[in-house]
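Coordinate inspection notes
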Amino acid sequence: MAGGTGAIGRPLVRALAAAGHEITVFSRSEGRVAALGVPTAVPAVGDAFDTGSLRRAVDAAQPEVVVNQLTNLAQSANPLAVKRGFDTTSRLRREVAGTLVAAARSAGARRVVAQSISFAYRPGPGVRTEADPLWTDATGQIGQLTGSLAALESATLGDGDVEGVVLRYGSFYGPGTYFARDGLYTAMMAKRRLPIPGDGGGLFGLVHLDDAVSATVAALEGPTGIYNVVDDVPARASEWMPFVADLIGAKPPRTVPEAVARVGAGKFLAYLMCDQPAVSNQRARAELGWTPRYPDWHEGLPTVLRGS
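Attention in this report is confined to the structure presented alongside it. (Residues numbered from 1 in each chain as written. Predicted model: local features only at pLDDT ≥ 70, side-chain atom pairs only at ≥ 80, totals over all residues. Heavy atoms only, no water.)

Observations concerning the pattern of salt bridges
Heads up, the condition is: When a carboxyl oxygen of Asp or Glu is within 4 Å of a side-chain nitrogen of Lys or Arg, the pair counts as a salt bridge. Only DSSP runs of H or I covering at least 4 residues are called helices, and only runs of E covering at least 2 are called strands; the numbering of each starts at the N terminus. Between buried and exposed lies partly exposed: a residue is buried under 20% and exposed over 50% of the maximum accessible area for its type, with that area taken using a 1.4 Å probe on protein chains only.
With the rule as written, the count across this model stands at 13 salt bridges. Across the pair Arg-306 and Asp-246 runs a salt bridge, and its minimum N-O distance is 3.9 Å. With Arg-306 in the segment after helix 12 (297–305) and Asp-246 in helix 8 (residues 237–247), this pair connects stretches of sequence that are 60 residues apart. Between Arg-283 and Glu-287 there is a salt bridge, and its shortest N-O distance comes to 3.0 Å. Placement of the pair is Arg-283 and Glu-287 together in helix 11 (residues 282–287), with a separation of four residues, close to one helical turn. Taking the relative accessible area as the measure of exposure, Arg-283 reaches 22% and is therefore partly exposed. Under the relative-accessibility criterion, Glu-287 is labelled partly exposed at 38%. One connected set of salt bridges, linked through shared partners, spans Glu-64, Arg-110, Arg-111, Glu-163 and Glu-221.

A short note on unusual backbone geometry
Within the chain, Gln-62 stands out as a residue other than glycine whose phi angle is a positive 50 degrees. In this fold, Gln-62 is placed in the loop between helix 3 (51–61) and strand 3 (65–68). Backbone geometry at Arg-192 places phi at a positive 55 degrees, although glycine is not the residue there. If you trace the backbone, Arg-192 turns up in the loop between helix 6 (184–190) and strand 8 (196–197).

Considerations on the pairing of strand 11 (residues 225–229)
Put simply, the rule reads: Pairing between strands requires that DSSP locate at least two bridges from one strand to the other.
Buried residues dominate strand 11, accounting for five of its five residues. Here strand 6 (residues 163–169) runs beside strand 11; their pairing, made up of five bridges, is parallel. What sits directly across from Leu-167, in strand 11, is Tyr-227.

What about the sheet that holds strand 11?
As a reminder of what qualifies: Lines fitted to C-alpha atoms define the axes here, with helix axes fitted over just the stretch in contact, and angles between the N-to-C directions of these axes take values from 0 to 180 degrees.
Spatial ordering of the open sheet is given by 3-4-6-11, a layout of four strands whose pairing is parallel. Strand pairing shows two members of the sheet lacking a second neighbour, strand 3 and strand 11, which therefore form its edges. In this sheet, adjacent strand axes meet at a mean angle of 20 degrees when their direction is disregarded. As judged from the seven bridges shared by strand 4 (residues 111–117) and strand 6, these two strands associate in the parallel manner. For Val-112, the partnering residue across the bridge sits in strand 6 and is Gly-164.

Describing the side chain of Glu-153
Heads up, the rule is: We call two N or O atoms a polar contact when they sit within 3.5 Å, provided that within protein one can donate a hydrogen and the other can accept it, with sequence-adjacent residues counted only if both atoms are side-chain atoms. We call two residues in contact whenever any of their non-hydrogen atoms come within 4.5 Å of each other.
When you line up the elements, Glu-153 lands in helix 5 (residues 140–157). At 2.7 Å, the side chain of Glu-153 and the side chain of Ser-116 are in polar contact. Ignoring sequence-local partners within four residues, the contact set of Glu-153 consists of Ser-116, Leu-134, Val-166, Arg-168 and Ile-226.

Brief notes about the packing of aromatic side chains
Operational definition: Side-chain rings of Phe, Tyr and Trp, where Trp is taken by its six-membered ring, are said to pair if the distance between their centres is within 6.5 Å; with planes under 30 degrees apart they count as stacked, over 60 as edge-to-face, and otherwise as tilted. A ring is considered to have a charge above it if a Lys NZ or an Arg CZ atom is located within 6 Å of its centre and within 35 degrees of its normal.
One pass over the full model with this rule turns up eleven aromatic pairs. Both rings, one in Phe-243 and one in Trp-297, keep their centres 5.3 Å apart while their planes meet at 90 degrees; by these two values the pair is edge-to-face. Of the two residues, Phe-243 is situated in helix 8 and Trp-297 in helix 12; the sequence distance between them amounts to 54 residues. In this structure Trp-297 comes out as buried when scored by relative accessible area, which is 0%. Linked through ring pairs, Phe-86, Phe-119, Trp-135, Phe-268 and Tyr-271 together constitute an aromatic cluster. Over the ring of Phe-49 we find Arg-91; its NZ or CZ atom is 3.9 Å from the centre of that ring. Between the NZ or CZ atom of Arg-283 and the centre of the ring of Tyr-227, over which it lies, the distance is 4.1 Å.

Here it is in structure tokens:
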């Protein structure tokens, strides 16, 4: 697994170990792998952008499945940190996904499972399914994001010798995410620095980390292709934001004109808050046999933000 010490990587490694899998975790630090608390996890230390070390690690592991959970997103509202994390994550998707697939093929792996996202579909009415394309003709920051996702998905699905599965995860909530008690969104809302833009019409597909993990475990054996991994209830920004504020004991978020948000918050955040469409999880339910423990974020978010 590449990215095994990130927000989803940590619980995923533990779940796979508990299920009896042998796991090699590729990381920049052996200490980060040890901190997972999984004694059977084998560390493979290196830089994901170092093609040689990455390919050697996969070859040494001789895996049946390669899991790509590589991201480098900032847990900070500092614009420079956010941009650095965004740019590095885009590079990981563009430059490293193909290396992992090639390394998997060379090592004789049968399958690659890769992380994508469900919040990159073209805005507009209706519910998006896996048959809908990503918004790859967008310009600027959004185009950079969707272009890198398209590159990752193409690399993962395009090798005839290795099975490919792409998981378009929704917005995670749980430890280490933006929706954690100490996460970026909640920290900003505690200080009333995350206002509702306009009517807050963006429809978030939320997913509890535990449910994202169970979908990933199911994807090791299920049919190939693309799956949206979100809960059953699209979360309108104007609804989840005051809901979260109440859970953390913060004042209700302010409202600002949509035009102000588009200038001040950045195009991607404005897209999330104002424009992102609803997403269907029916393929994952039907073909992976996946049933989220928290099908409704109204039930799931309190378990994370209240601890009950």
